[in-house]
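Here are the chains, one letter per residue:
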Amino acid sequence: QVQLVESGGGLVQAGGSLRLSCAASGRTFSSYAMGWFRQAPGKEREFVAAISRRGGSTYYADSVKGRFTISRDNAKNTVYLQMNSLKPEDTAVYYCAADLGTAQAMSVMSDGMDYWGKGTLVTVSS
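Residues numbered from 1 in each chain as written. Predicted model: local features only at pLDDT ≥ 70, side-chain atom pairs only at ≥ 80, totals over all residues. Heavy atoms only, no water.

So, on to the packing of aromatic side chains. Scanning the model with the defined rule gives four aromatic pairs in all. Aromatic pair Tyr 95 and Trp 116: ring centres 6.5 Å apart, planes at 85°, arrangement edge-to-face. Here the residue Tyr 95 occupies a position in strand S9 (residues 92–99), and Trp 116 occupies one in strand S10 (residues 115–116), the gap between them amounting to 21 residues. Taking the relative accessible area as the measure of exposure, Tyr 95 reaches 16% and is therefore buried. By relative accessible area, Trp 116 is classed as partly exposed at 24%. Here a set of aromatic residues connected by ring pairs shows up, and it is made of Phe 37, Phe 47, Tyr 95 and Trp 116. For the cation-ring pair, Arg 19 lies above Tyr 80, with the distance from its terminal atom to the ring centre recorded as 4.0 Å. The ring of Tyr 95 carries Arg 45 above its face, with NZ or CZ at 5.3 Å from the centroid. (Phe/Tyr/Trp six-rings, centres within 6.5 Å; stacked < 30°, edge-to-face > 60°. Helix = DSSP H or I, 4+ residues; strand = E, 2+ residues; numbered from the N terminus. Buried < 20%, exposed > 50% of the residue type's maximum accessible area, 1.4 Å probe, protein only. Lys NZ or Arg CZ within 6 Å of the ring centre and 35° of its normal.)

In short, geometric facts, not functional conclusions.
Quick look at the structure:
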C-alpha cells in the first residue's frame, strides 16, 4: 500500500510560479513511475507530467511543456512539479499518482493508476 500526500498548492497571479510536492509512504517508492494529473472545474481529469522510476525519462502534456518540470528524489520518497509562467487555464486540482507501469503509459492515460493522492488546489488569477 502506498499513500500519497500532495502539498504546495495555492493562489498565484498569472506569470507566477509554484512548486508542488508529493510525499509517498512506504519503502517501494522507487518501484513506481510517478505522475501529476489535474482536473479543472467542469472538466475531466487530464495528464500533466510523468517521470520514470529512476527519473531518467520524463513526459509532459503539450499544454505545459516548457513551463512545468517534474522531478523526483527517491531518497526522500518525494516527487515534485515545478510550475512556472502559470496561466489562468492552469487552475485545477492537481493529483499525484503512482503506478507500477511505465511513465510513458501514464502519459496517455487519465485514470487507472495504482494509487492516487487527494489533490491540492492551484488557482491562477489573471
